Amino acid sequence: MENVLRLLIVLGGTLAVTIAIGWAIDRGLRYWSARHPKTPIPGLLRRVQLPLQLFLGFAALRMTYPLADLNLRQDTVILSVLATMVTMSAVWLVVRIADAVADGLLNTYSRRARDPRRVRQLNTQFTLIRRISSTVLAIATAAIAMLVLFPGLRVLGTSLLASAGIIGIIAGVAAQSTLSNLMAGLQIAFGDSVKIGDTVVVEGEMGTVEEITLSFLTVRIWDDRRLTMPVSYFNSKPYENWSKGGNEMTGTVFLHLDHSTPVAELRAHLYEYLSDHPDWDGRSWNLLVTDSTPTGIEVRASMTARDPDAVWSLRCAVREELIGWLNENYPGALPRLAALDGLDAPAR
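This report concerns the structure included in the present document.

Rules used in this analysis
- Residues numbered from 1 in each chain as written.
- Predicted model: local features only at pLDDT ≥ 70, side-chain atom pairs only at ≥ 80, totals over all residues.
- Heavy atoms only, no water.
- Helix = DSSP H or I, 4+ residues; strand = E, 2+ residues; numbered from the N terminus.
- Areas by Shrake-Rupley, 256 points an atom, 1.4 Å probe, with all protein chains shown as cover.
- Core = buried A, V, L, I, M, F, W, Y, C linked by side-chain atoms within 4.5 Å.
- Buried < 20%, exposed > 50% of the residue type's maximum accessible area, 1.4 Å probe, protein only.
- Domains from an automatic or database assignment.
- Contact = heavy atoms within 4.5 Å.
- Pairing = 2+ DSSP bridges.
- Axes fitted to C-alpha atoms, helices over the stretch in contact; angles between N-to-C directions.
- Polar contact = N/O pair within 3.5 Å; in protein donor to acceptor, adjacent residues only side chain to side chain.
- Salt bridge = Lys/Arg side-chain N within 4 Å of Asp/Glu carboxyl O.

1. A word on the overall build of the chain
Of regular secondary structure, the chain possesses eleven helices and eight strands. Counting only carbon and sulfur atoms, one obtains 62% of the accessible surface of the chain, whose full area is about 21100 Å².

2. Considering the nonpolar core
In terms of nonpolar packing, the biggest core is built from 27 residues, with L257, L266, L287, M303, V318 and L322 touching the most fellow members. Counting only elements with at least two residues in this core, the list comes to β6 (249-257), α10 (263-275), β7 (280-293), β8 (296-305) and α11 (308-329). Among the elements that make up this core, the one with the highest residue count is α11 (seven residues). Composition of this core by domain shows at least three residues from each of domain 2 (162-245) and domain 3 (249-329). When residues no more than four places from it in sequence are discounted, the contact partners of L322 are L255, L266, H269, L270, L287 and A301. Ranked by size, the runner-up nonpolar core spans twelve residues in total, among them V202, V209, V231 and F234.

3. Here we look at the environment of A333
Inspection of the secondary structure puts A333 in the segment after α11. A sequence separation of 74 residues divides A333 from H259, and the C-alpha atoms of the two residues are 7.2 Å apart. Setting aside anything within four residues of it in sequence, one finds A333 in contact with L257, D258, S260, T261, P262 and L326.

4. Some remarks on the sheet that holds strand β1 (residues 199-202)
With antiparallel pairing, the five strands of this open sheet are ordered in space as β4-β3-β2-β1-β5. Edge positions in the open sheet fall to β4 (226-230) and β5 (240-241), since each of these has one partner strand only. Direction of pairing for β1 relative to strand β2 (residues 205-212): antiparallel, over a ladder of four bridges. Each bridged residue has a counterpart across the sheet, and for V202 the counterpart in β2 is E205.

5. Quick look at the sheet that holds β8
The strand order β6-β8-β7 describes an open sheet built from three strands, whose pairing is antiparallel. The strands lining the two open edges of the sheet, one partner per strand, are β6 and β7. When strand polarity is set aside, the average angle formed by the axes of neighbouring strands in this sheet is 15 degrees. Relative to β8, β7 runs antiparallel, the two sharing nine bridges. Opposite N286, over in β8, you have S302 as the bridge partner. On the sheet, α10 packs against β6, β7 and β8 and is oriented at approximately 160 degrees with respect to β7.

6. Focus on the side chain of T304
Positionally, T304 belongs in strand β8. Here D281 takes part through its side chain, which lies 2.4 Å from a polar atom of the side chain of T304. Engagement of the side chain of T304 in a polar contact is seen with the backbone nitrogen of S284, the distance being 3.3 Å. Here T304 is in contact with M249, T250, D279, W280, D281, G282, R283, S284 and L314, once residues within four sequence places are set aside.

7. What about the pattern of salt bridges?
Scanning the entire structure with this criterion turns up eight salt bridges. We note a salt bridge from R225 to E205, for which the minimum N-O separation is 3.4 Å. Of this pair, R225 sits in the loop between β3 (216-221) and β4 while E205 sits in strand β2, and the two are 20 residues apart along the sequence. Since its relative accessible area comes to 40%, R225 is described here as partly exposed.

Below, the structure written as structure tokens:
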């Protein structure tokens, strides 16, 4: 009975102290956030409350367990398990703190930066660096737990290290695509070829890069579908990046019209329409006859916009406006299907 009472006192006192410390830290972060509302880091650091509580709890149990004086045969195993939990919760805590600090720095930089391309590049690099760091820390934690905290597994660990050469060769052959995607992800993160938030055209589909991982890249298509592709695709095949080199773009609209089309009046109407349209940035515009055939002409209208979304909306609006204007004022300028001679003639 005395042993049970001592164990309850040790465990209850340890948990109470750790909960009180976690609560005090959370209150301090709330006060810091209230005093400095423009600083996002205090609010982001509140994300670490759960791993912090676990770290403090397991660390305190690891230190106070000998005070219970249970003298069990499993004491060594229990202490090793507690040490493993302390290590794992510490790694989780470090990852959460790094994520919070990185998000805070990125938010602060995004409010001050004038170049959105640089913000997207930093976001891409931070995302991939965090994923790589988390993976490396998880593997290192497992290795420490196996080789250091559990003496019985040291022989197994030594054998694994001795056969690392053969395992490395087998793993390299079996995981060529995985390693290729990993290297491609690093090249994308630091090579500035594609970033989160870029507008791209891949496999005939236009969309926005939504997520980049160590293996896959997800593109959100205009109709809210997700196109998931291996990151190695973007280092081995051509694709269109509409956000590369600046957000400004030039859009084109092609119309196939009759030879009688009043091109000069159509050009003047295009400028009049663009002057009042909010998506036109005013940099340049034009309307030219780019081709002529025995049955009609090809007219190309070009206009500039501030970003890919605006140029897409502007192209659709200009196409609709020009066709509507011609249909209302010069319906003969729109193409017609010519009747074939002898189509209605009776068959012989």
